[in-house]
Amino acid sequence: MPQVTVQLPSILGRIIDESQAIPIEADSLGGALRALVDRHPALGVHLFDETGNLRQHVLCFHNQTNTRWLDSIEAPLAKGDTITILQAVSGG
Amino acid sequence: MGVLVIVGTDKGAFLLRSDTARAHWKIQGPLFKGWKVTTVARDDSGRYFVATASDVYGQALHVSEDLDNWRQIENGPAWAKDTERKLNQIWTLNLQTSRFYAGVDEAGLFGSEDRGESWSPIEGLNEHPTRDSWYPGAGGLCAHAVLTDAKNPKRIWCGISAVGVFRSDDGGLTWEIKNQGIPMVIEDKQHQDIGRCVHGLVADPDDANTIYRREHNGMFRTRDGGETWQRIENGLDSSFGFPIVIDRTSKTLYIIPLESDEYRIPIDGRFRVYRSGNGGDTWDPLSNGLPQENAYMGVLRDALAVDHLDPCGVYVGTTAGTVHVSNDAGDSWTQVSCILPRILSVSVYVQE
């Protein structure tokens, strides 16, 4: 599986007491997010709402692409890709 | 021996420490920088619980034995997917019996039998037959007050805005509405006994049947566990307000009235705490050392605390971020040298 990097905002990095840049091995975007929460269960409630979707004001980018515009969160990953979690401007 | 005050704000928690003279304070923080710290509690073993929330990243519950090393609880209070409810924040923690309780928004009550490591919904209240007629107050649809009876752990009271007070006599299996004598604020055609907007609850430390109730429309007391409520407003210049605390040593009550539900500010810009030494029969204003000109800050429901020392220390956190302390039961006050973010919660712990 390709190794990618998940980049977290500092406010979430502090929760898991780890660097904001987390190496993850996964085949797909969804797989990477699941692997991230498997490794750091505390992140689950902060990234996903009760329906299992990304929280309304959480943005997720696959390289330069906002994942909200993707047809499927199961988009394939390539070695060296970056997944960035951000606070949406709509969050205030 | 020392005193620790944990001030929860819109942007983190701050620790204020002093010796028991409570005259000089050292400030540390913020912990949980950037998070709302909605409520804080400590259990009998000395474990601290901090509830955090964010409009972006949701809510969580954290624990620590030493205030330095924190761990997020992985199986905290959570609504099941099929309820279509959102768990926006933990409003209150009651850690006084072997089963811990957490009151939350969107309104509901959760219990933990393992010192807070895992939490389960209290279905008897959360799925109450009146549930479809529960409507939120200005602060949301929230379960923000939980009382327990040390002599009978099967008795529990829960206050929900803007619904009212419920009591269980069977450990949470079934719940009865306890709003007789309380004015309605939101009328429901089917359920005339809810639609009350409770703001705060405290009980007499020696008699769980005597409960003091801050209500949207007044200040009330029951002596029969909530079966009937009577007004106790003698001496108050406004019956509106949110927090209420009781010193378990002297049984003195403290409240902070605000000008009406329309305005929610100190009357005429005079910031005053009110005290009752006779179980709410009469109230007296306290102002010595509190701002008496141009003071228009509010005090939220969890932002008033007492330390139960003798004389009792009283601690107020305001929406303007100021902290006011009395080390003589409210006779005189000083302002701690800090201006914090909007204060959501204040709790105090005497440390050996």
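Note that the structure is predicted; figures quoted are calculated from it, not measured.

A.B. asks: Mind showing me how you'd approach the overall build of chain A here?
C.D. replies: A tally of helices and strands in chain A yields three helices and five strands. Beginning at the N terminus, the succession of helices and strands in chain A can be written as β-α-β-α-α-β-β-β. Its C-alpha atoms give chain A a radius of gyration of 12 Å, near enough to 12 Å, the size a compact globule of 92 residues would have. Its C-alpha atoms put chain A at 35 × 30 × 25 Å along the principal axes. Counting across all 92 residues of chain A, residues that qualify as buried make up 26%.

A.B. asks: Would you take a moment to explain the overall build of chain B for this structure?
C.D. replies: Helix and strand content of chain B: two helices and 28 strands. Expected size for 352 residues packed as a compact globule is a radius of gyration near 20 Å; at 19 Å, chain B falls within 12% of this value. For chain B, the spread of C-alpha atoms along the three principal axes comes to 50 × 45 × 40 Å. Taken over 352 residues, chain B has a buried fraction of 49%. A fraction of 49% describes how many contacts in chain B between residues 6 or more apart in sequence connect residues 24 or more apart.

A.B. asks: Can you walk me through the pairing of strand 26 (residues 323–326) of chain B in this structure?
C.D. replies: Across a regular strand the side chains alternate sides, sitting on one face of the sheet and then on the other. Residues and elements named next belong to chain B. On strand 26, burial covers both faces: Val323 and Val325 on one face and His324 and Ser326 on the other are all buried. Pairing of strand 25 (residues 314–317) with strand 26 involves four bridges; the strand directions are antiparallel. Residue valine 316 lies in a different strand from strand 26, and its bridge partner there is histidine 324. Where strand 25 folds back onto strand 26 in an antiparallel hairpin, the turn is made up of five residues, including glycine 321, whose phi is positive at roughly 85°. In the sheet, strand 26 pairs with strand 27 (residues 334–335) via two bridges, with the strands oriented antiparallel. Pairing of valine 325 across the sheet is with threonine 334, part of strand 27.

A.B. asks: I would appreciate a short explanation of the sheet that holds strand 26 of chain B in the present structure.
C.D. replies: Adjacent strands of a sheet pair through backbone hydrogen bonds, lying either parallel or antiparallel. Overall, antiparallel pairing links the four strands, which are arranged 24-25-26-27 (chain B) in an open sheet. Sheet topology places strand 24 (304–306) and strand 27 of chain B at the edges, where each strand pairs with a single neighbour.

A.B. asks: Even after reading the chapter, I still don't get the confidence of the model for chain A, so can you show me in this structure?
C.D. replies: Per-chain confidence: chain A averages 91 in pLDDT, with 97% of residues scoring 70 or above. In the model of chain A, strand 4 (residues 65–66) of chain A stands out as the element of lowest mean pLDDT, 92, in contrast to strand 1 (residues 3–7) of chain A, which has the highest, 97.

A.B. asks: I'm lost on the interface of chain B and chain A in this one. Help?
C.D. replies: Many descriptions give the size of an interface as the accessible area lost when the pieces come together. Each partner contributes residues to the interface: chain B has eleven residues there, and chain A has 16 residues. Along the lines of polarity and charge, the residues of the side of chain B that touches chain A split into four nonpolar, three polar and four charged.

A.B. asks: Would you explain unusual backbone geometry in this entry?
C.D. replies: One can expect most non-glycine residues to show negative phi and most peptide bonds to be in trans. Residues and elements named next belong to chain B. Here aspartate 105 and glutamate 106 are connected by a cis peptide whose omega angle stands at 5°. In this structure, glutamate 106 sits in the loop between strand 9 (100–105) and strand 10 (108–112). Omega for the peptide link from serine 161 to alanine 162 comes to -5°, which places this bond in the cis form. As for its position among the elements, alanine 162 is in the loop between strand 13 (156–161) and strand 14 (164–168). In this structure, glutamate 84 is a non-glycine residue whose phi angle is positive, near 60°. Among the structural elements, glutamate 84 can be located in the loop between strand 7 (71–72) and strand 8 (89–94).

A.B. asks: Please clarify how the sheet that holds strand 4 (residues 36–42) of chain B should be interpreted in this entry.
C.D. replies: All names here are of chain B. Taken together, the four strands give an open sheet; going across it, the order is 4-5-6-7, and neighbouring strands pair in antiparallel fashion. A single partner strand is all that each edge strand has here, and the edge strands are strand 4 and strand 7. Sheet topology note: the strand 6 (residues 58–64)/strand 7 ladder contains two bridges and is antiparallel. Looking at strand 7, one finds that histidine 62 is bridged to glutamine 72.

A.B. asks: Would you mind going over the nonpolar core with me for this structure?
C.D. replies: Formed by 101 residues in total, the largest nonpolar core has its most connected members in Val7(B), Ala13(B), Cys158(B), Leu304(B) and Tyr315(B). What Cys158(B) contacts, discounting residues up to four positions off in sequence, is Gly103(B), Leu109(B), Leu125(B), Ala143(B), Ala145(B), Val146(B) and Phe166(B).

A.B. asks: Help me understand helix 2 (residues 29–39) of chain A in this model?
C.D. replies: Think of an α-helix as 3.6 residues a turn; residues three or four steps apart then line up on the same face. Residues and elements named next belong to chain A. Inspection of helix 2 places Leu29, Ala32, Leu33 and Leu36 among the buried residues, and these make up the whole buried set. When helix 2 is viewed along its axis, its buried side chains cluster within an angular range of 95° and face the same direction. Packing partners of the buried residues in helix 2 comprise strand 1, strand 2 (21–25), strand 3 (58–62) and strand 5 (82–87).

A.B. asks: What am I meant to see in the environment of Met1(B) here?
C.D. replies: Residue and element names in this part refer to chain B. Along the chain, methionine 1 falls in the segment before strand 1 (2–9). The exposure class assigned to methionine 1 is exposed, which follows from the 8 C-beta atoms found within 10 Å. Measuring from C-alpha to C-alpha, the distance between methionine 1 and aspartate 44 comes to 17 Å, with 43 residues separating the pair along the chain. What methionine 1 contacts, discounting residues up to four positions off in sequence, is Thr20, Val350, Gln351 and Glu352.

A.B. asks: Mind showing me how you'd approach the environment of Ala150(B) here?
C.D. replies: As for its position among the elements, Ala150(B) is in the loop between strand 12 (142–148) and strand 13. Considering only alpha carbons, one finds Ala150(B) and Ala208(B), 58 residues apart in sequence, at a separation of 7.9 Å.

Reading the values: rules and limits
- Residues numbered from 1 in each chain as written.
- Chains lettered and ligands numbered in written order.
- Predicted model: local features only at pLDDT ≥ 70, side-chain atom pairs only at ≥ 80, totals over all residues.
- Helix = DSSP H or I, 4+ residues; strand = E, 2+ residues; numbered from the N terminus.
- Rg over C-alpha atoms; globule rule 2.2 N^0.38 Å.
- Buried ≥ 20, exposed ≤ 12 C-beta atoms within 10 Å, placed from the backbone.
- Contact = placed C-beta atoms within 7 Å.
- Pairing = 2+ DSSP bridges.
- pLDDT = per-residue confidence, 0-100.
- Nonpolar A, V, L, I, M, F, W, Y, C, P; charged D, E, K, R; others polar.
- Core = buried A, V, L, I, M, F, W, Y, C linked by C-beta atoms within 7 Å.
- Arc of directions from axis to C-beta.

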